[in-house]
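Structural features, examined
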Amino acid sequence: MPDIPVWNKCDNRCVMCTNSPAFARQDGAQYGLRCQIEKLERYIRGLSPVYLKNSGDAGFVALTGGEPTLHPDFIKLVAYFRRRLPGTPITLLSNGRHFADLDFTLRFLKAAAPPFAVAVPLHAASARAHDAVSGVRGSFAQTVRGLENILSRPAGPGVEIRIVLHRKNINELSSLLKFILRRFPALPRYRVVIIHYEIEGMSEANHKDLALKLSESAAELKRNLPVIRRFPDLRLYHFPLCVLSPGLRPLARVTLTREDRIYPAVCRGCARRRACLGLMAEYSKFFGNSELRRLKR
């Protein structure tokens, strides 16, 4: 199942956003409730290509944006997708700010019957550093409160706290991991996902300020391995296995589609190739592939 852009506007201005400014300037009418219903019904019937990203993948739905919770009919939309796709895992990608409103959260939870998950990014352990990445003062406090509201309901959806690493927050990783452990002690209720940033949209426009090599991310992850091991469920996205230390490799997942990643010549004959992401295609254009090496086992 596909990635479905629910709404094209956002109330954050994240420096590493993968959307371009042109996306937000689109006519919002094409994302209205009626249009969303018509698109999904066409997709379910297989009548025509509807969604651009991951449309051929089966077994999951990702509701994306912009910021989906800004949709004027957000709760109705969630209820509709849940009713039409019973049993299909749905993940909502959100900045989490609107869940700081407990009434809104409770209405969402009523509509978001399982299997359902919410993925929310945290950029740093302080308001100053987090808000510098999100581009909005006060967003840190709202995001943290939103996560607390969702996690306070034991029967609520699964929660994924995402950390997107780039130059502006790589030095925040240690303090952020410790903050998460301290602020959200109910570890079985959520997973943590650490992601090396993708170079597209605003992250490409801000490349000079964000540029971070995979080897630098991997070195910081290695330094934080004792803290990382305290999480029962922590995963790494967008990392080739060969840049990671052996203790981190079991945490790596392949989450990008085949067209978004490449296997350079150095990957030929690698013992771990079948289980490895390879290299993000856009990353190779900016940094090349000299960080990769062939693994023997």
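Parameters and conventions
- Residues numbered from 1 in each chain as written.
- Predicted model: local features only at pLDDT ≥ 70, side-chain atom pairs only at ≥ 80, totals over all residues.
- Heavy atoms only, no water.
- 1 Å grid on protein atoms, 1.4 Å probe; cavity = no way out; pocket = protein on both sides within 12 Å on 5 of 7 lines; lining within 4 Å.
- Points joined across faces, edges and corners; volume = space filled by probe spheres on them.
- Nonpolar A, V, L, I, M, F, W, Y, C, P; charged D, E, K, R; others polar.
- Pairing = 2+ DSSP bridges.
- Helix = DSSP H or I, 4+ residues; strand = E, 2+ residues; numbered from the N terminus.
- Contact = heavy atoms within 4.5 Å.
- Axes fitted to C-alpha atoms, helices over the stretch in contact; angles between N-to-C directions.
- Patch = residues over 30% accessible without salt bridge, like charges linked within 9 Å, V, L, I, M, F, W, Y side chains within 5 Å.
- Areas by Shrake-Rupley, 256 points an atom, 1.4 Å probe, with all protein chains shown as cover.
- Salt bridge = Lys/Arg side-chain N within 4 Å of Asp/Glu carboxyl O.
- Lys, Arg positive; Asp, Glu negative; His and termini not counted.
- Charge placed at Lys NZ, Arg CZ, Asp CG, Glu CD.
- Buried < 20%, exposed > 50% of the residue type's maximum accessible area, 1.4 Å probe, protein only.
- Polar contact = N/O pair within 3.5 Å; in protein donor to acceptor, adjacent residues only side chain to side chain.
- Right-handed = clockwise from strand over helix to strand, strands pointing away.

Here the second largest pocket is characterised by a volume of approximately 170 Å³. Taken together, the residues of the lining of the second largest pocket break down into 4 nonpolar, no polar and 6 charged.

It is worth spelling out the sheet that holds strand β8 (residues 252–253) at this point. Pairing in this open sheet of 8 strands is parallel, and the strands run β1-β2-β3-β4-β5-β6-β7-β8 from one edge to the other. A strand with exactly one partner marks an edge of an open sheet, and here the two such strands are β1 (3–5) and β8. Where helix α3 (residues 74–84) meets the sheet, it contacts β1, β2 (61–64), β3 (90–93) and β4 (116–121), and its direction lies at approximately 155° from that of β3.

A contiguous patch of negative charge, built from Glu 200, Glu 204, Glu 259 and Asp 260, is present on the exposed surface. In this fold, Glu 259 is placed in the loop between β8 and β9 (261–262). Relative accessible area serves as the criterion here: at 62%, Glu 259 is assigned to the exposed category.

Note that Ser 203 resides in helix α8 (residues 202–205). Of note is the side chain of Ser 203, whose polar atom sits 2.5 Å from the backbone oxygen of Glu 198.

What follows concerns the pairing of β3. Alternating residues of β3 divide into Ile 90 and Leu 92, all buried, and Thr 91 and Leu 93, none buried. Bridge count between β2 and β3: 3 bridges; the pairing is parallel. Counterpart to Ala 62 in the pairing with β3 is Thr 91. Once you follow β2 into α3 and on to β3, the crossover reads as right-handed. Summarising the sheet, β3 and β4 pair through 4 bridges and their orientation is parallel. Within β4, the position partnered with Leu 93 by the bridge is Ala 119. Each parallel crossover has a hand, and the one from β3 via helix α4 (residues 102–111) to β4 is right-handed.

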